[in-house]
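What follows is the residue order along each chain.
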Amino acid sequence: MQCAESLRVQAYFDGEVDAVSAAEIERHADHCNECRALLEDLVKVRSALRRDVSYAAAPPKLRTQILQALDQEDAASPGVVEAPPAKSRTRLPPVFRGRSFWTGAFSGIGGAAIAAAIAFFLVLPSVVSPLTDDLVSAHVRSLMPAHLIDVVSTDRHTVKPWFAGHADVSPVVADFESQGYRLVGGRADYIDHQRSAVVVYQHGPHVINVFTWAADTLRNPSNATRNGYHLAFWQQGDIQYCAVSDTGWDELLGLVRLLRLEG
């Protein structure tokens, strides 16, 4: 008989559950052979796909034209923050399509539709970091009602002590309201199999989540963009930091600089 938790295990693997549910599922999998085997199978399938499935690459000239067109669209849209240079632009992860799809597409669709399809499927790198995916998923979950903040305060002397007993690390906490980054509170989340401390800032209409967890010296994540969200990584001492937001790169890195000076 299939375990009743198997569907939640699959949702956990896809990053679709909140931090509390993720911890519950991991504890369940420790004692359920069926769910533990399911997770192992899912990991093997994902690894095999990333290793063996090849992706078609857009010709460099066409890629450049598409990115230029996207930049022009962004510039023409009111209220849109200027994007970083084209080489750092990303869109939704590429989805595999067989040769027959492209044969039909090029024979029966106009140039504009072909360009749109290529922009959607081929612009991104083929390998996406699971850690980056987890951070983006956690950021998006936090934007749902009642998920953003566990401790509401603009006082760092209130927010920082709250993390004791709720997270595995004690991050830098400071209010930079005079520089445009208002401290609004904090919460605990679950990142990289750890209880992460998350400090939340408001920059204009944008929420910035600053995730912190115990650093892994074997990894040195690079700044990235996923699904329209920017992720800026840095490390101070034995703590790994990542600021996530849909604000512009300059604005996000401005907060990073302030936090690094504070630390």
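Refer to the structure printed above.
Below is a short write-up of the structure. (Residues numbered from 1 in each chain as written. Predicted model: local features only at pLDDT ≥ 70, side-chain atom pairs only at ≥ 80, totals over all residues. Heavy atoms only, no water.)

1. Digging into the side chain of Asn209
Reasoning step 1: For Asn209, the position within the fold is in strand E4 (residues 206–214).
Reasoning step 2: A polar contact is formed between the side chain of Asn209 and the side chain of Ser142, at a distance of 2.9 Å.
Reasoning step 3: In contact with Asn209, not counting residues within four places along its chain, are His139, Ser142, Leu148, Arg187, Val198, Val199, Val200, Cys242, Ala243 and Val244. (Helix = DSSP H or I, 4+ residues; strand = E, 2+ residues; numbered from the N terminus. Polar contact = N/O pair within 3.5 Å; in protein donor to acceptor, adjacent residues only side chain to side chain. Contact = heavy atoms within 4.5 Å.)

2. Some details on the pattern of salt bridges
Reasoning step 1: Tallied over the full model, the rule gives six salt bridges.
Reasoning step 2: A salt bridge links Arg8 to Glu5; the shortest N-O distance between them is 3.0 Å.
Reasoning step 3: Residue Arg8 is classed as partly exposed on the basis of its relative accessible area of 31%.
Reasoning step 4: The shortest N-O distance in the salt bridge between Asp168 and Arg195 comes to 3.0 Å. Taken together, the residues span a long stretch of sequence, with Asp168 in the loop between helix H8 (156–162) and strand E2 (182–191) and Arg195 in strand E3 (residues 194–203) at a distance of 27 residues.
Reasoning step 5: Overall, Asp168 belongs to the partly exposed group, its relative accessible area being 43%.
Reasoning step 6: Looking at Arg195, the relative accessible area reads 36%, which means it is partly exposed. (Salt bridge = Lys/Arg side-chain N within 4 Å of Asp/Glu carboxyl O. Buried < 20%, exposed > 50% of the residue type's maximum accessible area, 1.4 Å probe, protein only.)

3. Overview of the nonpolar core
One broad trend across soluble globular proteins is that nonpolar side chains are buried collectively.
Reasoning step 1: Of all hydrophobic cores here, the largest spans 26 residues; its most connected members are Phe176, Tyr201, Ile208, Val210, Leu255 and Leu259.
Reasoning step 2: Among the secondary structure elements, those contributing two or more residues to this core are E3, E4, strand E6 (229–236), strand E7 (239–245) and helix H9 (249–262).
Reasoning step 3: In terms of residues, this core owes the most to one element, H9, which gives six residues.
Reasoning step 4: If sequence neighbours within four positions are ignored, Val210 has contacts with Ala197, Val198, Val199, Tyr201, Trp234, Tyr241, Cys242, Ala243, Leu255 and Leu259.
Reasoning step 5: Membership of the second largest hydrophobic core comes to 16 residues, among which are Leu135, Leu231, Phe233 and Val244. (Core = buried A, V, L, I, M, F, W, Y, C linked by side-chain atoms within 4.5 Å.)

4. Re helix H7 (residues 130–142)
Reasoning step 1: For H7, which comprises 13 residues, the first-to-last C-alpha distance of 18 Å matches the rise-based estimate of 18 Å (1.5 Å per residue) to within 8%.
Reasoning step 2: Along H7, the residues that are buried comprise Leu131, Thr132, Leu135, Val136, Ala138, His139, Arg141 and Ser142. (Expected span 1.5 Å × (residues − 1).)

5. A closer look at the pairing of E3
Two faces belong to every sheet, and in a regular strand the side chains alternate between them.
Reasoning step 1: Here E3 lies mainly inside the structure; eight of its 10 residues are buried.
Reasoning step 2: Note that E2 and E3 share nine bridges and pair antiparallel. Bridge assignment links Ala188 to a residue of E3, and that residue is Ala197.
Reasoning step 3: Linking two consecutive strands that pair antiparallel, namely E2 and E3, is a turn of two residues; a positive phi of about 55° is found at Asp192 within it.
Reasoning step 4: Here seven bridges tie E3 to E4, and the two strands are oriented antiparallel to one another. Looking across to E4, one finds that His203 is bridged to His206. (Pairing = 2+ DSSP bridges.)

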